[in-house]
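Summary of the model geometry
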2 protein chains.
Amino acid sequence: MDITNNLRKLTASLGDVKYRRRSGCFKAEGTKCVLDTIKHFELEYLFATPEWLEVHSGLSVNEKAVAVTKADLIKMSSLSTAPGVIAVYRMPVYGLEPESLRGSLTVALDGVQDPGNLGTVIRTADWFGVRNILCSRDTVDVYSPKVIQATMGAISRVRVHYCDLSETLIKLKGMPVYGTFLDGGNIYDEPLSDTGIIVMGNEGKGISGSVARIITDRLYIPPYPADAETSESLNVGVATAITLAEFRRRCI
Amino acid sequence: MDITNNLRKLTASLGDVKYRRRSGCFKAEGTKCVLDTIKHFELEYLFATPEWLEVHSGLSVNEKAVAVTKADLIKMSSLSTAPGVIAVYRMPVYGLEPESLRGSLTVALDGVQDPGNLGTVIRTADWFGVRNILCSRDTVDVYSPKVIQATMGAISRVRVHYCDLSETLIKLKGMPVYGTFLDGGNIYDEPLSDTGIIVMGNEGKGISGSVARIITDRLYIPPYPADAETSESLNVGVATAITLAEFRRRCI
């Protein structure tokens, strides 16, 4: 199968959220990223050099494989270093039944903007056995190539749902909804449940007013020493990680 | 003071490690980053629009201030969005006396490559009261504009020292040297000291062989559940954060 100019353009355009939404597709770039995801998403195309396809002939992608040149891959890539392979997948449609979250621990992101931060949160959630992440509609798109890359394969195991966050949290009434705030209670002293929602806010503005009103348990990660003059805050990926680690340490 | 073409070129070139080393200078970009750092480093130049200088006249930078146009700032910036201000500082010379580290907790980075990761580690170290970070010589340069940006001001409070890591650790004989490994002991069960070195490795390869030999306490951050099929690892910034949080929780 030969690559047409159209296919090359379509794949390049998947770096842009507008074209991802229009086509319902996204891409994974690079050998590790493709091998981590290829069994978990519906493959549309696999663009690779003939050498790559030869080495990975065991993948049996058959008619989905398109042999391309290194120059083609450079044109189609959204990364600064062009990969040896690009997979184009159909976006999964998970459907979110809020009730299904009642028995587990879920992370909710309220307006996280940085692709690296979202990717890191997904990777960390995976490590700590969180299977669902809720994202407010103004959170960065999870199918951005940079996010996919930063998840290091965890995108195959964690379901990310975009929704009206306040509305969804209200439907989960009765469950504890945790959030970190500068005036929250010390996370090491507060009771933590192994079922609930942990809300993390935007990098600069934190948790929005409408979501903050629904939080039932306000937490704080104490600096050291407690009265130190420190950075004003922790990075959102770091705060999520410390919070999840503490929930899991406590609930083992 | 009018900006010359030379100054514009010099400032732009500080995005490149080679020119930083040659000039002994680095830059901070953007209002927050400049205000967070200006009292802590020796200022060479402060480039800003006349409006910015007017609003921040209280800084009393006098003859160091250079009024420039927005177009100048775009040319001098290393960020994707040009800032309203760029400060050029002289790199501090700290001098490292390994013996001075004996009474405290220190982080050591062995080959960390990503500027965002290094910035996040510095920010997190600051939050947890770590005042010194040792970096192997192949760790990314701390004076990269992206690192400075990601520290969110913490670069003013944490001293970063580049050194031969094995050599420096050997000089600290008698202190516990911690590292995270897949076959390490569960961090929640192991004894942790409030004085020691915590070594974190390269994003892909982990801790190098020569440094691994000096580690006295091998730690592991357990996933949840313990037997889960998860990501192979945590992001280095995240692993540092969870480790530091646990050291500080234990030692309060």
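Up top you'll find the structure we're talking about.
This report concerns the structure included in the present document. (Residues numbered from 1 in each chain as written. Chains lettered and ligands numbered in written order. Predicted model: local features only at pLDDT ≥ 70, side-chain atom pairs only at ≥ 80, totals over all residues. Heavy atoms only, no water.)

1. Some words on the interface of chain B and chain A
The interface of chain B with chain A comprises 34 residues on the first partner and 33 residues on the second. Between chain B and chain A the total buried area reaches about 3,300 Å² when both faces are included, carbon and sulfur atoms providing 59% of it. Of all residues in chain B, the largest losses of buried area upon contact with chain A belong to R123, W127 and Y224 of chain B, amounting jointly to 27% of the total for that side. For the interface between chain B and chain A, the tally reads zero salt bridges. Our count for the contact surface shared by chain B and chain A stands at 10 residue pairs in polar contact (both at pLDDT 80 or more). When contributions to the side of chain B that touches chain A are tallied by element, the ones reaching two or more residues are α3 (31-37), α6 (115-127) and α10 (236-251) of chain B. Counting residues per element, the side of chain B that touches chain A draws most heavily on α10 of chain B, at eight residues. When its residues are assigned to classes, the side of chain B that touches chain A shows 15 nonpolar, nine polar and 10 charged. (Contact = heavy atoms within 4.5 Å. Buried area = accessible area lost by both parts, 1.4 Å probe. Salt bridge = Lys/Arg side-chain N within 4 Å of Asp/Glu carboxyl O. Polar contact = N/O pair within 3.5 Å; in protein donor to acceptor, adjacent residues only side chain to side chain. Helix = DSSP H or I, 4+ residues; strand = E, 2+ residues; numbered from the N terminus. Nonpolar A, V, L, I, M, F, W, Y, C, P; charged D, E, K, R; others polar.)

2. Notes on the sheet that holds strand β5 (residues 105-110) of chain A
Strands in a sheet are paired, the pairing made by backbone hydrogen bonds, and the direction either parallel or antiparallel. Residues and elements named next belong to chain A. A sheet is described by the order of its strands in space; here six strands give the open sequence β7-β6-β5-β9-β8-β10, paired in parallel fashion. Whereas interior strands pair on both sides, the edge strands pair on one side only; in this sheet they are β7 (159-163) and β10 (217-220). Neighbour-to-neighbour, the strand axes of the sheet open up by a mean angle of 35°, direction not taken into account. With six bridges joining them, β5 and strand β9 (residues 196-201) adopt parallel strand pairing. Looking at the pairing, D110 lines up with G201 of β9. Relative to the sheet, helix α10 (residues 236-251) contacts β5, β8 (177-186), β9 and β10, its axis offset from that of β9 by approximately 160°. (Pairing = 2+ DSSP bridges. Axes fitted to C-alpha atoms, helices over the stretch in contact; angles between N-to-C directions.)

3. Brief notes about the relation of the copies chain B and chain A
Related by rotation about an axis and a shift along that axis, the two copies of the chain form a pair. Superposition of chain B onto chain A requires a rotation of 180° combined with a translation of 0.0 Å along the rotation axis, giving an RMSD of 0.0 Å. Each copy turns onto its partner about a two-fold axis. Taken as a fraction of all interface residues of chain B, those also at the interface in chain A reach 97%, which identifies the copy contact as same-surface. (Least-squares fit on C-alpha atoms with pLDDT ≥ 70 in both.)

4. Focus on the pairing of strand β6 (residues 132-136) of chain B
Residue and element names in this part refer to chain B. A large share of β6 lies buried, amounting to five of its five residues. The two faces of β6 match: N132, L134 and S136 on one face and I133 and C135 on the other face are all buried. Direction of pairing for strand β5 (residues 105-110) relative to β6: parallel, over a ladder of three bridges. Note on β6: the bridge partner recorded for L109 is C135. Once you follow β5 into α6 and on to β6, the crossover reads as right-handed. The sheet contact formed by β6 and strand β7 (residues 159-163) spans five bridges and is parallel. Bridge pairing links N132 to R159 in β7. Read as a crossover between parallel neighbours, the route from β6 over helix α7 (residues 145-150) to β7 is right-handed. (Buried < 20%, exposed > 50% of the residue type's maximum accessible area, 1.4 Å probe, protein only. Right-handed = clockwise from strand over helix to strand, strands pointing away.)

5. Examining the sheet that holds strand β1 (residues 25-29) of chain A
Residues and elements named next belong to chain A. Across the sheet, which stays open at both edges, the four strands sit in the order β1-β4-β2-β3 with mixed pairing between neighbours. Of all strands in the sheet, those bounded by a partner on one side alone are β1 and β3 (65-67). Along the sheet, successive strands turn relative to each other by an average axial angle of 20°, direction set aside. Both strand β2 (residues 43-48) and β3 contribute to a ladder of three bridges, which runs parallel. Bridge pairing in β3 links A48 to A67.

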